[in-house]
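Structural overview
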Amino acid sequence: MKEDFLHYLWRFKKFHTLNLKTFQNESITIIKTGDYLELSGPDFFNAHVKIGDQKWAGNVEIHLKSSDWYLHNHEKDPAYDNVILHVVWENDTAIFRENNTEIPVLVLKDYIDKEVLAAYNKLLSPKTWISCEKQISEIDGFVFKNWQERLFFERLERKSKFIYELLQETNQDWEAVLFSLLAKNFGLNTNGLSFFQMSKAIPFTIIRKESFEVENLESLLFGTLNLLDSEKEDVYFKDLKFRYFYLLHKYQLEKPFIDPVAFFKHRPDNFPTIRLSQLANLYHKNQNLFSKIIDLKSVKSVYELMNVSVSSYWQNHYQFDKESPKKAKILSKSFLDLIIINTIIPIQFAYAHIMGESVSENLIDFMNEVAPEKNAIIDKFDFFGIKAENAFETQTLLELKNEYCNHKGCLKCAVGMELLKNN
């Protein structure tokens, strides 16, 4: 049983809705299940339910067990103060609001048909993943290796389109393009868009000028991402806020509208505050970073160039006003591997293409040094006998699955053609 199945049940009312009762034995009428936004905070927003004789409007939170509320530390998060109903599969503990009133609980397993559960189990049962899953491991190694090289450069060509668009927008400023790519990837999947918007809202000429004072860089990054909008007693917060508004006035900048960053569901070392400080320190430490990035030829050289930590304040903070045990918080090797894959290799490839240079073998050798990625697609290929030893191979397998297998492109795939040829 997975929580997303409960989301499905609640969202589409795939349970008996007549004679519903809370665990506390009060009747429930569902007027509106709420908006399923898949953002931080409660699972469903603006739900309308009637519990007993009282109509409620608010949020609905869903868990496998009610005790997950405490496991996820929701009792410490004000975003959950407006939860009107806790929908669970198993109720193993009572949950209380800040005012000590108990949150009503709906135990879904009491209202589900066996047929619905059977259909869910069938959906998760083993099935065909790709057309050649039983044969792909038998493909001639020479054929498969050549195909991987083509897949690798097809993937880089697709990624380069985004870089060329940024070059046009920045009047061919490679340093500005690199800053945007780094910012996007420092934000990871959750905050990547917000970090990217931030990078485009600050002219890179200003980043260049202010890079000699890391506090000025942090103030620009934090302020642009609306992390300095509140009022706090924290001295460092006040200093960054003062610097930010001074720089806005100095450069006649307008405060942009940017999607809010998320802290929820991140490990603390991936909090946006930490990643922003690391990014600021990277540019504080390295002038003309683009020329240094272009010259990198090995994983070791990346680790040496980007051996940066957070500012002193963030060594014992993850958020403003909340002190934590001191930790250097340097960029980890696993994080830098992602930067190599998603920023350094693509920009080296795009630059070489623009300059008419051939770097194919260098890029493959570079990627052969990077540790393989870990995700569900790579695990599945491993299950079918294709084990990836490095990031070059994982990138090619991702390209194969997403651009060929998912679209049933067997007749455009070297694996499919080889199998047809052998039959």
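Residues numbered from 1 in each chain as written. Predicted model: local features only at pLDDT ≥ 70, side-chain atom pairs only at ≥ 80, totals over all residues. Heavy atoms only, no water.

In this section: the pattern of salt bridges. Tallied over the full model, the rule gives 14 salt bridges. Put simply, arginine 158 and glutamate 399 hold a salt bridge, and the shortest N to O gap is 2.7 Å. Within this pair, whereas arginine 158 is found in helix α4 (residues 141-169), its partner glutamate 399 is found in helix α16 (residues 391-403), the two being separated by 241 residues in sequence. Here glutamate 399 falls in the buried class, since its relative accessible area comes to 2%. Where lysine 241 meets glutamate 231, a salt bridge forms, and the shortest distance between an N and an O atom there is 2.9 Å. Of this pair, lysine 241 sits in helix α9 (residues 235-250) while glutamate 231 is found in the loop between α8 (214-224) and α9, placing the two residues 10 residues apart along the sequence. (Salt bridge = Lys/Arg side-chain N within 4 Å of Asp/Glu carboxyl O. Helix = DSSP H or I, 4+ residues; strand = E, 2+ residues; numbered from the N terminus. Buried < 20%, exposed > 50% of the residue type's maximum accessible area, 1.4 Å probe, protein only.)

All right, on to the pairing of strand β6 (residues 83-90) then. For β6, the tally of buried residues reaches 7 of 8 residues, placing the bulk of the element in the interior. Inspection of the sheet shows strand β5 (residues 54-65) paired to β6 by 6 bridges, in the parallel sense. Across the sheet, residue asparagine 59 finds its bridge partner in β6, namely valine 83. (Pairing = 2+ DSSP bridges.)

Counting residues in each nonpolar core, the largest one holds 81 residues, and the members touching the most others are Leu182, Tyr283 and Met306. No other element matches the 11 residues that helix α13 (residues 333-355) contributes to this core. Listed in part, the 23 residues of the second largest apolar core include Phe44, Val60, Val87 and Ile112. (Core = buried A, V, L, I, M, F, W, Y, C linked by side-chain atoms within 4.5 Å.)

Let us now look at the pairing of strand β2 (residues 27-32). Bridge analysis of strand β1 (residues 20-21) against β2 gives 2 bridges, and the strand direction is antiparallel. Considered in β2, the bridge of lysine 21 is made with serine 27. Between β1 and β2, which pair antiparallel in sequence order, lie 5 residues; one of them, asparagine 25, sits at a positive phi of approximately 75 degrees. As defined by bridge partners, β2 adjoins strand β4 (residues 44-51) across 4 bridges and the pair is classed as antiparallel. Among the inter-strand pairings, isoleucine 28 is bridged to a residue of β4, identified as isoleucine 51.

If you trace the backbone, glutamate 61 turns up in strand β5. Within polar-contact distance, the side chain of glutamate 61 engages the backbone nitrogen of aspartate 43 at 3.0 Å. Among all residues touching glutamate 61, those that are not within four sequence positions of it are Gly41, Pro42, Asp43, Trp69, His74, Tyr80, Val83, Leu85, His86 and Val87. (Polar contact = N/O pair within 3.5 Å; in protein donor to acceptor, adjacent residues only side chain to side chain. Contact = heavy atoms within 4.5 Å.)

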